[in-house]
Amino acid sequence: MVNKKVLKVGLDSAAPFPMHSDYNAENFQGFEVDLLGAITKHLGLAIEYEVSLWSTILEKLFKGELDIICSAVTVTASRQHILEFSNPYLHFRLCAVVGQEDTLNSLHHFKNKTIGVREATEAEKYVREQFPANNIVYAVTNKELYRKLASGKIDLLVDDSPIAGGFLQKNKKLKIGMFLPKTDSSYAIAMKKGDVQLKAQFNEVLRLLKENGTYHTIYKKWFSDIQF
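Residues numbered from 1 in each chain as written. Predicted model: local features only at pLDDT ≥ 70, side-chain atom pairs only at ≥ 80, totals over all residues. Heavy atoms only, no water.

Q: Tell me about the pattern of salt bridges, and name the residues and values.
A: This structure, assessed with the given rule, holds nine salt bridges. A salt bridge links Arg207 to Glu204; its shortest N-O distance comes to 2.7 Å. Taken together, the residues span about one helical turn, with Arg207 and Glu204 both in helix H7 (residues 196–211) at a distance of three residues. A salt bridge links Glu211 to Arg207; the shortest N-O distance between them is 2.8 Å. Of this pair, Glu211 and Arg207 both sit in helix H7, separated by four residues, roughly a single helical turn. Judged by its relative accessible area of 40%, Arg207 falls in the partly exposed class. Salt bridges here are not isolated pairs; linked through shared partners, they connect Glu204, Arg207 and Glu211. (Salt bridge = Lys/Arg side-chain N within 4 Å of Asp/Glu carboxyl O. Helix = DSSP H or I, 4+ residues; strand = E, 2+ residues; numbered from the N terminus. Buried < 20%, exposed > 50% of the residue type's maximum accessible area, 1.4 Å probe, protein only.)

Structure representation (structure tokens):
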């Protein structure tokens, strides 16, 4: 058992629903909220959330001022150099979101399009690498990004498929045009480098939750209508 009774958890202030909603809103909820609740209940830990910009919570985790980040953190090789990660709890792909009337079924259709992405995300990295000649428009929050597409300021946007699915449930004028090839990704819980004991505990509880059906129940609650 960890000798901490309170687990300090970092949350991205640009809430990536349905992973989690805005912590300061009336009803804080989401897949990660339920999953982390089940894990910490098993470990006998209380949760103390800290909400800030992604760069801030990352820096605080690095310094040891936070214990974990559970906020749609994509596992990447570069991040694995500086952080510990639990086993993945969600596999997904990047996708391109367009208006309902638009056609997008191959990367050739991206030519001359204005593409929207959130700053400092894997989606931004992908777009900059794959479409360096395109006009790229940046947004700080998810809401701002989808608003730009709905108002015609961009032709399409690139995002993680679970987050796109959450937004599309509320905006029927938009759709996933295509899933992007070779973008298989996963979310995991990020921890301070070297915090292997906590990592082992989380991995064991994740295994148990998958084994006893709790994980599947939470997954079904949040993703039954979302395509990855």
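Q: Run through the sheet that holds strand S3 (residues 68–69), naming residues and quoting values.
A: Taken together, five strands build an open sheet; the order of strands is S2-S1-S3-S12-S4 and the sheet is mixed. Each having just a single partner strand, strand S2 (46–52) and strand S4 (83–85) make up the two edges of the open sheet. Judged from the two bridges that link them, strand S1 (residues 6–12) and S3 form a sheet pairing that is parallel. Bridge assignment links Gly10 to a residue of S3, and that residue is Ile69. (Pairing = 2+ DSSP bridges.)

Q: I'd love a proper account of a positive patch on the surface, names of residues and values included.
A: The grouping of Lys143, Arg147, Lys153 and Lys170 at the surface amounts to a positive patch. With respect to the helices, strands and loops of the structure, Lys170 is situated in helix H6 (residues 161–170). Exposure remark for Lys170: the relative accessible area of 66% places this residue in the exposed category. (Patch = residues over 30% accessible without salt bridge, like charges linked within 9 Å, V, L, I, M, F, W, Y side chains within 5 Å. Areas by Shrake-Rupley, 256 points an atom, 1.4 Å probe, with all protein chains shown as cover. Lys, Arg positive; Asp, Glu negative; His and termini not counted. Charge placed at Lys NZ, Arg CZ, Asp CG, Glu CD.)

Q: Account for the packing of helix H1 (residues 31–43) against H7, naming residues and giving values.
A: Where H1 contacts H7, the axes come no closer than 10 Å and their chain directions differ by 110°. Considering their axes alone, H1 and H7 lie roughly perpendicular with respect to each other. Note on packing geometry: the crossing formed by H1 with H7 is right-handed. Contacts from Leu35, Leu36, Ala38, Ile39, His42 and Leu43 of H1 reach H7 at Gln201, Phe202, Val205, Leu206, Leu208 and Leu209. Tallied by class, the residues present in the contact of H1 with H7 amount to ten nonpolar, two polar and no charged. (Axes fitted to C-alpha atoms, helices over the stretch in contact; angles between N-to-C directions. Parallel < 35°, antiparallel > 145°, perpendicular 65-115°, else oblique. Left-handed = near helix turned anticlockwise from the far one by under 90°. Contact = heavy atoms within 4.5 Å. Nonpolar A, V, L, I, M, F, W, Y, C, P; charged D, E, K, R; others polar.)

Q: Tell me what's going on with unusual backbone geometry, and back it up with residues and numbers.
A: In the segment running from Phe17 into Pro18, the intervening peptide bond is cis, with an omega of 10°. Its location among the elements puts Pro18 in the loop between S1 and H1. In the Ramachandran plot, Asn112 falls in the positive-phi region, its phi being about 65° despite a non-glycine side chain. Mapped onto the secondary structure, Asn112 falls in the loop between strand S6 (94–99) and strand S7 (114–118). Not every positive phi belongs to a glycine, and Ala120 is a case in point at roughly 60°. On the secondary structure map, Ala120 appears in the loop between S7 and helix H4 (122–130). Judged by relative accessible area, which is 51%, Ala120 ranks as exposed.

Q: Outline the pairing of S7, listing residues and values.
A: Across the five residues that make up S7, a large majority, five, are buried. Residues Thr114, Gly116 and Arg118 point to one face of S7 and Ile115 and Val117 to the other, with burial holding for every one of them. One ladder, built from five bridges, connects S7 with strand S8 (residues 135–139); its direction is parallel. Each bridged residue has a counterpart across the sheet, and for Arg118 the counterpart in S8 is Ala139. Running through H4, the crossover from S7 to the neighbouring parallel element S8 is right-handed. In this sheet, strand S9 (residues 156–160) lies alongside S7 in parallel orientation, the contact comprising two bridges. (Right-handed = clockwise from strand over helix to strand, strands pointing away.)

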